[in-house]
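Residue-level structure breakdown
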Amino acid sequence: MLPLTNRTESRKRRRGSDGNSGRLPKRGKYACTACRRSKSKCDGESPCRRCQLNDISCVFAKTGSENLTAALVSLERISRFEEQYVAMQSNMTAMVSSLNQILSILQTRGGSSFTPSNVAPTTTEQNPHREQEQTFPPLPGFAPPVSHLAIMSILLTPFQPRIYGSYGIAPSTTPSDDEDEIPLPSLALNAPIEALQGLANAALARNNPTTSRKFTQAKPAPAFPHVVEKGLVTDSEARELYHIFFAGCHLFIPVFDPTYDTYESLMDRTPWTFDAILAIASKIRSGSGPMTQTFHACLAEAQGIARSSLFGPVVRKEAVQGMLLLAAWSTNAWLPSGHAVHMALDLGLHHALEKLANTSKTRSKEEERDLVISARIWLCVYWFSHQMNLRTGRPVVLRQESLIRHCRILLSHPMVSPTDLRLVAQVELISQKTEIYETLAPLKGRINDNTLAFIKEANVGLDEWFQDFDGLHHLIKDEHSLLRNFLAGELHFTKLWLVCVALMGVNCSTMSFQQREVAFQAKEAAMNFIQIFLTRECRAALRYAAHDTLMITAFSGVFILKMVNLFPAELDVFAITSEVVQLVEHLSSIAAERYALPLRIMLAYLRRKESVRDSILPPILTSLPTSYEKIAVKQSDLNVFVTPAFTMEELGFLPPRSGSVIAHSSVPTWLQEKSLTDLGLPANGLDGIFIEVRGADGWTGDFLATPDAW
């Protein structure tokens, strides 16, 4: 018998010797195109044996994994080209239409004196067949169609040079210096406008031969006037509302720099954001009283400009700020926040951090400021989008961590804002929360030693996150503790939220020891969160809070009351419920009754339980908000065999004359008796604790009907 090495060599010699006999070796890892088409074995060599014998070309196609990146890049480039083509086609169509109208008018004139004054007015009597003229609502950004005679009058009017606004309705002419982008050909898109401008300049030169300087437009003014310019709000009232907003609202949506975003600056640069700021401040100023006409006017103007941005390119980054504000103080923020993401991507704001980190290029102060603002807006969009996804249980849209890789560069930048630390901290925290959710949500409440180890590790990571950013406050010269308290509040709520995700689908009445352990950890986190916002400084700031902050505050209180219901013997019922009662009273005092109602319902249920009834303070009766009338029913209309309804006295309101109650069927599923043993995250997200009310006052008092989002 031959040694092993000799046998191996002999097999190699045999394979080589009988190669000319036509026998093929074993199948290779990849087959060439010809062998794959003929469904024959291929040795994987280039060229392969079969192609050599048949004297044909041997070609190996790229595998899916090798071609994935190239395919994605190609698809993105094709999509960009299609968008550019559509924009160019639209511009060319408009130009051809305008030129055809001009030619038809010139042919009609035929050298005669035809002026707009020659056009006779048309009336219904002159043309009885003319249909009733359609009326359109006076929304910003929308105008009724112009008649053909009006178009002719405009076209024949002598040219008057003016600056045309391009806010939200015209493509950007700013060149892009990104090597990985294919910028929109601004010259091609603006050619019709520039051609007409050139004709106008030539006409001006002929009429005024003393000057040959070409008329140039400096910076295009916004296309929409703000509420002060339209006379809807006085300047003094607008300044008052501006100061209300920057007294606390800007801390919850950290997308502004008060030193740069002054009253005059915002008014000139962005009527959209300016009107949104005034609407939010007017809502806060009214408190629990009726909304003023100023609120309705500012909100209608801001939302009108927002609607006009849906069907046209956005050219100013401040538009993203306006959309973020409308989303943040809205109870239906999913759609506007998604539109803000698309606007930011369309403007290329996601490249701002990379450019800011590139110190090899020399930039002016204005260019540096522009990059800082772009980076700040992008980070806020990134954070807010992820927040909406995790809050509602929807899939995450922005997943590239590289988009926020240089986020901490803002903290060491000379143009740092006092709220940049909160913004960067939120961005890094949301990345951890995304990883936590994607790890725990698929487990569906299955908690074992591995799950406990992951929760413990996540809590350690959250503590490190807090210590890291708490030590960075000296960078932004934070002289007060409000932002630090906000940071601690985010830490405690994330620890609560972490356990709620882990307990999704668990019946907590039969919890294991491991599940009870994490539940009591969440209770401590919820208590710490509520205590932070009941302190004097944060208590005052809560009146400026956006929807998300008020929502997680209410959710924390509901979770604690559920723990009292499950473990009354192991908890201090009086101390816990007393703090929740304080929270309810404070939410009611700041016109946040919508967020206090879930807590009122849980307290009313606990007061019915004999085991804890004597340990809970009785409710302090207050006046009934008019919104509750939309969900209240008469006691006589209810089925006596179902769970008893909640009377207004039980909820803490003065009883109405009608003796109406809130039916148990109107209560959200997560708050109903059958779900009181469920400590997991609601199936429809954190919004699952609120009653759907189509009231007239939006939970803020008596005023005219407003959109559901408010």
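Since this is a predicted model, take the numbers as computed values, not measurements. (Residues numbered from 1 in each chain as written. Predicted model: local features only at pLDDT ≥ 70, side-chain atom pairs only at ≥ 80, totals over all residues. Heavy atoms only, no water.)

**What about the packing of aromatic side chains?**
- Summed over the entire model, instances satisfying the criterion amount to 19 aromatic pairs.
- Ring geometry for Tyr437 against Trp497: centres 6.2 Å apart, planes inclined by 20°, an arrangement best described as stacked. Of this pair, Tyr437 sits in helix H15 (residues 420-440) while Trp497 sits in helix H17 (residues 482-502), placing them 60 residues apart in sequence. With respect to class, Tyr437 is no different from Trp497; both count as buried.
- Judged by centre distance (6.0 Å) and plane angle (15°), the ring pair of Phe486 and Phe533 falls under stacked. With Phe486 in helix H17 and Phe533 in helix H18 (residues 513-533), this residue pair connects regions lying 47 residues apart in the sequence.
- When its relative accessible area of 4% is taken as the criterion, Phe533 is described as buried. (Phe/Tyr/Trp six-rings, centres within 6.5 Å; stacked < 30°, edge-to-face > 60°. Helix = DSSP H or I, 4+ residues; strand = E, 2+ residues; numbered from the N terminus. Buried < 20%, exposed > 50% of the residue type's maximum accessible area, 1.4 Å probe, protein only.)

**Focus: the side chain of Gln387**
- Along the chain, the position of Gln387 falls in helix H14 (residues 365-392).
- On the accessibility criterion, Gln387 (7% relative accessible area) is buried.

**Some points on the pattern of salt bridges**
- Taken as a whole, this structure holds 22 salt bridges when the rule is applied.
- Of the charged contacts in the structure, one is a salt bridge between Glu237 and Arg285, with a shortest N-O distance of 2.9 Å. Pair noted here: Glu237 is in helix H7 (residues 235-245) and Arg285 is in helix H9 (residues 271-286), with a separation of 48 residues, a long-range link.
- Classification of Glu237 as buried rests on a relative accessible area of 19%.
- Arg285 sits in the partly exposed class, given a relative accessible area of 27%.
- Residue Arg408 is joined to Asp468 by a salt bridge in which the shortest nitrogen-to-oxygen separation is 2.6 Å. In this pair, Arg408 is assigned in the loop between H14 and H15 and Asp468 in helix H16 (residues 449-470), connecting sequence segments 60 residues apart.
- Residue Asp468 is classed as partly exposed on the basis of its relative accessible area of 32%.
- Beyond isolated ion pairs, a larger network of salt bridges with shared partners links Asp235, Arg239 and Glu264. (Salt bridge = Lys/Arg side-chain N within 4 Å of Asp/Glu carboxyl O.)

**Some remarks on H7**
- Among the residues making up H7, those that are buried are Glu237, Ala238, Leu241, Tyr242, Ile244 and Phe245. For H7, the arc enclosing every buried residue in end-on projection is 160°, short of the 170-degree limit, so these residues lie on one face. Projecting away from the buried face of H7 at angles above 90 degrees are the exposed residues Ser236 and His243.
- The elements touched by buried residues of H7 are helix H8 (263-269), H9, helix H10 (293-308) and helix H11 (318-328). (Arc of directions from axis to C-beta. Contact = heavy atoms within 4.5 Å.)

**Describing the packing of H14 against H15**
- For the pair H14 and H15, interaxial distance at closest approach is 9 Å and the crossing angle is 35°. Here H14 and H15 pass one another in a crossing that is left-handed. Residue-level contacts link Arg376, Leu379, Cys380, Tyr382, Trp383, His386, Gln387 and Leu390 of H14 to Asp420, Leu423, Val424, Gln426, Val427, Ile430, Ser431, Lys433, Thr434 and Tyr437 of H15.
- Tallied by class, residues from the contact of H14 with H15 come to 10 nonpolar, five polar and three charged. (Axes fitted to C-alpha atoms, helices over the stretch in contact; angles between N-to-C directions. Left-handed = near helix turned anticlockwise from the far one by under 90°. Nonpolar A, V, L, I, M, F, W, Y, C, P; charged D, E, K, R; others polar.)

**Regarding the confidence of the model for the chain**
- In this model, the chain carries a mean pLDDT of 76, and residues with pLDDT of at least 70 account for 71%.
- Here helix H5 (residues 148-156) stands out as the element of the chain with the lowest mean pLDDT, 41, in contrast to H7, whose mean of 96 is the highest.
- Predicted confidence is poor over residues 111-195, with pLDDT under 50, and the contacts of this stretch with residues over four places away or in other chains come to 109 contacts.
- Long-range and interchain partners of residues 210-218, a stretch whose pLDDT sits below 50, account for seven contacts in this model, where long-range means more than four residues apart. (pLDDT = per-residue confidence, 0-100.)

**Details of the environment of Asp235**
- Counting through the fold element by element, Asp235 comes out in helix H7.
- Here Asp235 falls in the partly exposed class, since its relative accessible area comes to 35%.
- Residues contacting Asp235, with those up to four places away along its chain left out, are Val228, Tyr263 and Met267.

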